[in-house]
Amino acid sequence: MRAIVLDGFGGLDVLTYRDIPEPEPLAGHVVIEIKAFGINHAEVHMRRGEWAEAAPVSGIECVGIVKSCLGREFPVGAKVAALMGGLGRTINGSYAQLTSAPVGNVALIEADLPWAELAAIPETYATAWTCLFRNLEIQKGQLLLIRGATSSFGQAALKMAVNAGARVIATTRNPERFGKLQALGAERCEIERPDLSKHIADAKQIDAVLDLVGNSVVLDSLAMLRRGGRSCLAGWLGGLDPIPDFNPLLQMASGVYLTFFGSFVFGTPGFPLADVPLGQIAQDAAAGRLDVKPVRIFGFDEVREAHRLMEANAAGGKMVVVH
Ligand SMILES: NC(=O)c1ccc[n+]([C@@H]2O[C@H](COP(=O)([O-])OP(=O)(O)OC[C@H]3O[C@@H](n4cnc5c(N)ncnc54)[C@H](OP(=O)(O)O)[C@@H]3O)[C@@H](O)[C@H]2O)c1
């Protein structure tokens, strides 16, 4: 089968097209004929060798058709999504024609949507849904601030939070993007800055922060919450550096909660993928209640270009690749 193999770590040219053997059917795994897959920062980090683990074939998510499933957990021919479970990290991932995913990281996704739209859902929407409705326990009427809201993750969270009745303040570094965020349902936009808590009118009134800028603003996110409010750290758009000279006694806001979510736990005990209503999200999209359309669709031969756009922050939303 055709696959994109990491030839060492580095720039775009380490993504090399090769013919490699098809995955063998394996107990506890599902062999999937991949129809489309999303592009993720994780894959850029893995390509550059910035993460602890990277499999030869990258790609942490896909949608496709079940080709074989020894344990019969999924019928052959079913439309499924797969994400995480070591895909692209410890086992070969989705930048290929076929992949073999652990059963616990596969979900039925039967909605009548084009493959490109289905491919925009698994990693982005599963993670955004979990952050909003598990870690942050967002309720109708609550005030949520999303930092890094123009990212594909941020946009997915914004749309689902608005659908759930939350009031959303969205941040971007670029005021020209305010209109887009407001069109997605944001009540207001703010310019993203490291000391936003000192400038935002709603400081100490915010119920929840979904923080996709990450380590560099963790403490600032906590500082803008009301007493009992929560911040969920789930993205690193501001860089992977640790918090310098962290001294909780001198730097942390009192009476607020910090929570973290990393999608690599999907499929592990305590974090079953079945917890996430992926099928319902796809149905909502098919029924027009949720717009999951990717902003860019690439062919299998164009993955380097997709990585280039992601590194340049020029995507403007979810990018997917279709076979
Ligand atoms: N926790 C998890 O399991 C999980 C799952 C998926 C993704 N993630 C993480 O979530 C983040 C978003 O991923 P994505 O794929 O949705 O990203 P993306 O679509 O590529 O996000 C691009 C946007 O990020 C913003 N950005 C770039 N550099 C920034 C900086 N230094 N400070 C603030 N904003 C910056 C830019 O927005 P503006 O120019 O408009 O400001 C840009 O439009 C990434 O860090 C990713 O690793 C985490």
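Since this is a predicted model, take the numbers as computed values, not measurements.

Novice: Even after reading the chapter, I still don't get the overall build of the protein chain, so can you show me in this structure?
Specialist: A count of helical and extended segments in the protein chain gives nine helices and 15 strands. Whereas a compact globule of 323 residues would reach a radius of gyration of roughly 20 Å, the protein chain reaches 19 Å, a difference of no more than 12%. When each of the 323 residues of the protein chain is scored for burial, the buried share is 47%. Within the protein chain, counting contacts between residues at least 6 apart in sequence, those at least 24 apart form 67% of the total.

Novice: Which parts of the structure should I look at to understand the site of the ligand?
Specialist: Close contacts around the ligand come from 27 residues, with Ser151, Phe153, Thr172, Gly235 and Ser263 the closest. Contributions of two or more residues to the shell around the ligand are made by helix H3 (122-135) and helix H4 (152-163). Considering only residue class, the shell around the ligand consists of nine nonpolar, 14 polar and four charged. Looking at which domains feed residues into the shell around the ligand, each of domain 1 (2-120 + 265-322) and domain 2 (126-261) gives three or more.

Novice: Please clarify how H3 should be interpreted in this entry.
Specialist: With 14 residues, H3 extends 18 Å from end C-alpha to end C-alpha; this agrees with the ideal 20 Å at 1.5 Å per step. Burial runs high along H3: 11 of the 14 residues are buried. Those residues of H3 that sit buried are Pro122, Glu123, Thr124, Tyr125, Ala126, Thr127, Ala128, Trp129, Thr130, Cys131 and Leu132. Trailing H3 by a residue or two, Glu137 shows a phi angle of about 45°, which is positive.

Novice: What am I meant to see in the environment of Thr16 here?
Specialist: Turning to its location among the elements, Thr16 is positioned in strand S2 (residues 15-19). The exposure class assigned to Thr16 is exposed, which follows from the 12 C-beta atoms found within 10 Å. What Thr16 contacts, discounting residues up to four positions off in sequence, is Ile4, Val5 and Asp7.

Novice: Help me understand the domain arrangement of the protein chain, please; the structure alone is not making it clear to me.
Specialist: A common way to express how large an interface is: the accessible area buried when the components associate. On domain assignment, one finds that the protein chain holds domain 1 (2-120 + 265-322) and domain 2 (126-261). When each unit is reduced to the centre of its C-alpha atoms, the spacing between domain 1 and domain 2 is 27 Å.

Novice: Got a minute to help me understand the environment of Ala156 in this structure?
Specialist: Its place among the elements puts Ala156 in helix H4. Ala156 sits 28 residues away from Leu184 along the chain, and the two C-alpha atoms are 9.5 Å apart.

Novice: Is there a simple way to explain helix H8 (residues 278-286) in this structure?
Specialist: In an α-helix, one full turn covers 3.6 residues, which means residues spaced three or four apart are oriented alike. Listed as buried for H8 are Leu278, Ile281, Ala282 and Ala285. Angularly, the buried residues of H8 cover 95° about the axis, an arc narrow enough to put them on a single face. Where the residues of H8 are buried, they touch strand S5 (79-83), strand S7 (106-108), helix H2 (115-119) and H3. Gly288 lies just past H8 and shows a positive phi near 85°.

Novice: How should I be thinking about unusual backbone geometry in this particular structure?
Specialist: Most peptide bonds adopt trans geometry, and most residues besides glycine take a negative phi value. In this model, Arg72 sits at a positive phi of 60°, which is unusual for a non-glycine residue. Mapping Arg72 onto the fold places it in the loop between strand S4 (61-68) and S5. Judged by the 8 C-beta atoms lying within 10 Å of it, Arg72 is exposed. One non-glycine residue, Lys204, lies in the positive phi region at around 70°. As for its placement among the helices and strands, Lys204 is situated in the loop between strand S10 (188-191) and strand S11 (206-211).

Novice: Please explain the sheet that holds strand S13 (residues 257-260) as it appears in this structure.
Specialist: Hydrogen bonds along the backbone pair up the strands of a sheet, which may run parallel or antiparallel. Read across the sheet, six strands follow the order S10-S9-S8-S11-S12-S13 without closing on themselves; strand pairing throughout is parallel. Only two strands of the sheet have a single neighbouring strand rather than two, namely S10 and S13. Taken pair by pair, the neighbouring strands of this sheet meet at an average axis angle of 20°, ignoring direction. As judged from the five bridges shared by S11 and strand S12 (residues 225-233), these two strands associate in the parallel manner. Bridge assignment links Ile206 to a residue of S12, and that residue is Leu225.

Novice: Got a minute to help me understand the UniProt feature "domain: Enoyl reductase (ER)" (unreviewed entry) in the protein chain in this structure?
Specialist: The UniProt feature table records "domain: Enoyl reductase (ER)" (unreviewed entry) at residues 10-321. End-to-end, the C-alpha atoms of residues 10-321 are 21 Å apart, and along that stretch the chain is 23% helix and 25% strand.

Novice: Just to check I follow, could you spell out the pairing of S10 for this structure?
Specialist: Sheet faces and side chains relate simply in a regular strand, where the side chains alternate between the two faces. As paired elements, strand S9 (residues 167-172) and S10 share four bridges and run parallel to each other. Paired with Thr171 across the two strands is Glu190, which belongs to S10. For the handedness criterion, the β-α-β arrangement of S9, helix H5 (residues 178-183) and S10 is classed as right-handed.

Novice: I keep staring at the nonpolar core and nothing clicks. Help me out?
Specialist: As a rule of thumb, nonpolar side chains are buried together in soluble globular proteins. Within the largest apolar cluster, 99 residues are counted, with the highest numbers of intra-cluster contacts made by Ala157 and Leu210. For this core, the two domains that each supply at least three residues are domain 1 (2-120 + 265-322) and domain 2 (126-261). If near-sequence neighbours (up to four positions away) are discounted, Ala157 is found in contact with Ala128, Cys131, Leu132, Ile146 and Leu210.

Novice: How should the environment of Ala107 be read in this particular structure?
Specialist: With respect to the secondary-structure elements, Ala107 resides in strand S7. For Ala107, a count of 25 C-beta atoms within 10 Å gives the class buried. C-alpha separation for the pair Ala107 and Phe74, spaced 33 residues apart in sequence, amounts to 8.8 Å. Sequence-distant contacts of Ala107, defined by excluding residues within four places in its chain, comprise Val80, Ala81, Leu273, Leu278 and Gly279.

Rules of the game
Residues numbered from 1 in each chain as written. Predicted model: local features only at pLDDT ≥ 70, side-chain atom pairs only at ≥ 80, totals over all residues. Helix = DSSP H or I, 4+ residues; strand = E, 2+ residues; numbered from the N terminus. Rg over C-alpha atoms; globule rule 2.2 N^0.38 Å. Buried ≥ 20, exposed ≤ 12 C-beta atoms within 10 Å, placed from the backbone. Contact = placed C-beta atoms within 7 Å. Near = placed C-beta within 6 Å. Nonpolar A, V, L, I, M, F, W, Y, C, P; charged D, E, K, R; others polar. Domains from an automatic or database assignment. Expected span 1.5 Å × (residues − 1). Arc of directions from axis to C-beta. Pairing = 2+ DSSP bridges. Axes fitted to C-alpha atoms, helices over the stretch in contact; angles between N-to-C directions. UniProt positions renumbered as here; feature names shortened; annotations may be inferred. Right-handed = clockwise from strand over helix to strand, strands pointing away. Core = buried A, V, L, I, M, F, W, Y, C linked by C-beta atoms within 7 Å.

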